[in-house]
Amino acid sequence: MRAETQTNVEAIEKSLNLLAQRMDRETAPYRLEEFNARVEDPTLWDDPTAAQKLMRDRQLLVDAMSNYDSIAQELADNIELIEMGESEDDAEIIKEAEDALKALRERAAQKELEALLDGEADGNDTFLEINAGAGGTESCDWANMLARMYVRWAEKKGYKVELQSEQSGDEAGIKSATYKISGHNAYGWLKSESGVHRLVRISPFDSAAKRHTSFTSVKVYPVVDDNIEIEVNPSDIRLDTYRSSGAGGQHVNTTDSAVRITHFPTGIVVTSSEKSQHQNRDIAMKALKSRLYQMELDKRSALVNEAHENAGDAGWGNQIRSYVLQPYQMVKDLRTGFETSDTKGVLDGDLDGFMGATLALNMSGKGREAAHAD
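Residues numbered from 1 in each chain as written. Predicted model: local features only at pLDDT ≥ 70, side-chain atom pairs only at ≥ 80, totals over all residues. Heavy atoms only, no water.

Student: Which parts of the structure should I look at to understand the side chain of R198?
Tutor: Assignment of secondary structure puts R198 in strand β4 (residues 195-202). Despite being buried, R198 has no salt bridge partner; E339 is the closest side chain of opposite charge, sitting 12 Å away. At 3.0 Å, the side chain of R198 forms a polar contact with the side chain of S322. (Helix = DSSP H or I, 4+ residues; strand = E, 2+ residues; numbered from the N terminus. Buried < 20%, exposed > 50% of the residue type's maximum accessible area, 1.4 Å probe, protein only. Lys, Arg positive; Asp, Glu negative; His and termini not counted. Salt bridge = Lys/Arg side-chain N within 4 Å of Asp/Glu carboxyl O. Polar contact = N/O pair within 3.5 Å; in protein donor to acceptor, adjacent residues only side chain to side chain.)

Next comes the structure, spelled out in structure tokens:
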């Protein structure tokens, strides 16, 4: 077996080991039997919330077992094909099996990352908030570039993207924007993107063509499920209405339809500027509950994120990732060390490598490659 093929086989085996650990493969069949027995209980749907959770947990286990078994079987089949091809000196069979193993390695790595998304709210939809920081027009343009990057990423995932609110920059770009991104594991994937993102480039707004550094902060909050109770005391909030400046026609632009909710105990401010004031109130309240829930998740896990608790400055000392376009091309995550020179691909939404490295780091306290080496 060629060295490259052996490397692919070893990588797939490592992915299988992680998948087995995450689902506790030894006990998985017994847990599935227990799930099946509970599903047959005629009183199951007396409590719809508990029943839905049970059905969701059962399906996750079924999917995990199926993924593991199919990858393991495909690995064994192709190894057997290579051995047969080598014994019969059939180069065509060998190449076909080697190509299949290469593709399988990518699929196994993807399933490995998805297996890390098992946090309490990882499967939820998410709110993504972008705020321009230090740098004026430069940062507003950078914020707009980041918004485009995340929209591209979400579209590639097949997620639904809804713009909740947006404030344009004075000269270019945006000062802030909030999106709701809907799809399985949307929050689980995006949660690692919270923090300050730093851009270094030759400014298109500087006639002297000097290099500029810009900062923009990104905050990610899970959309709270209906079955998660988050109480908000009416006396703790102030609700303001104001004129929407978004697109949508003359009526929208001249009606006090936009809504802003201020939560006094935490200082959180959320806005929504859809056409309907009633709809805006509902959207803003859900966004507020999501942010309060995110704070609670941070406290429970003892990973208190200062960007969520106190807005924090989008500037030096707080950045999680650096995007350098001049004098060289490099995007580097400062938490994991993961980097790439494909800046165009990243800005077009190729972010899975960065997200995966952070997920692995959060699980093991080390980078993905180091975790595999254990």
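Student: Please explain a nonpolar patch on the surface as it appears in this structure.
Tutor: Taken together, the side chains of V39, W45 and M55 present a nonpolar region at the surface, about 260 Å² in accessible area. Position of W45 among the secondary structure elements: in the loop between α2 (28-39) and α3 (48-88). Looking at W45, the relative accessible area reads 48%, which means it is partly exposed. (Patch = residues over 30% accessible without salt bridge, like charges linked within 9 Å, V, L, I, M, F, W, Y side chains within 5 Å. Areas by Shrake-Rupley, 256 points an atom, 1.4 Å probe, with all protein chains shown as cover.)

Student: How should I be thinking about the sheet that holds strand β6 (residues 237-242) in this particular structure?
Tutor: Backbone hydrogen bonds hold the strands of a sheet together, and the pairing may be parallel or antiparallel. The strand order across the open sheet formed by three strands is β6-β7-β8, and the pairing between neighbours is antiparallel. Edge positions in the sheet fall to β6 and β8 (268-272), since each has one partner strand and no second. Going from strand to strand, the sheet's axes swing by 15° on average, the running direction of each strand aside. Here β6 pairs with strand β7 (residues 258-263) via six bridges, running antiparallel. Each residue of the ladder has a partner; that of D240, found in β7, is R260. (Pairing = 2+ DSSP bridges. Axes fitted to C-alpha atoms, helices over the stretch in contact; angles between N-to-C directions.)

Student: Sorry if this is basic, but what is going on with the nonpolar core here?
Tutor: One recurring pattern in soluble globular proteins is that nonpolar side chains are buried together. In this structure, Y150 and Y323 are the most contacted members of the largest nonpolar core, which totals 80 residues. Sort the elements by how many residues they give to this core and helix α5 (residues 137-156) lands first, with 10 residues. Apart from the residues within four sequence positions on either side, Y323 is in contact with W142, L146, M149, H197, R198, L199, V200, M330, V331, V346 and L347. (Core = buried A, V, L, I, M, F, W, Y, C linked by side-chain atoms within 4.5 Å. Contact = heavy atoms within 4.5 Å.)

Student: Would you mind showing me how to read the pattern of salt bridges here?
Tutor: Pairs may arise between side chains of opposite charge once their charged atoms sit close together. Applying the stated rule across the entire model yields 21 salt bridges. In this structure, R152 and D348 form a salt bridge, with 3.4 Å as the shortest nitrogen-oxygen distance. Of this pair, R152 sits in helix α5 while D348 sits in the loop between α10 (343-347) and α11 (352-364), placing them 196 residues apart in sequence. Close ionic contact of K157 with D352 constitutes a salt bridge, the shortest N to O distance being 3.1 Å. With K157 in the loop between α5 and β2 (160-168) and D352 in helix α11, the pair connects residues that are 195 residues apart, well separated along the chain. We classify K157 as partly exposed; its relative accessible area is 25%. Salt bridges sharing common partners tie together R148, R152, K344 and D348.

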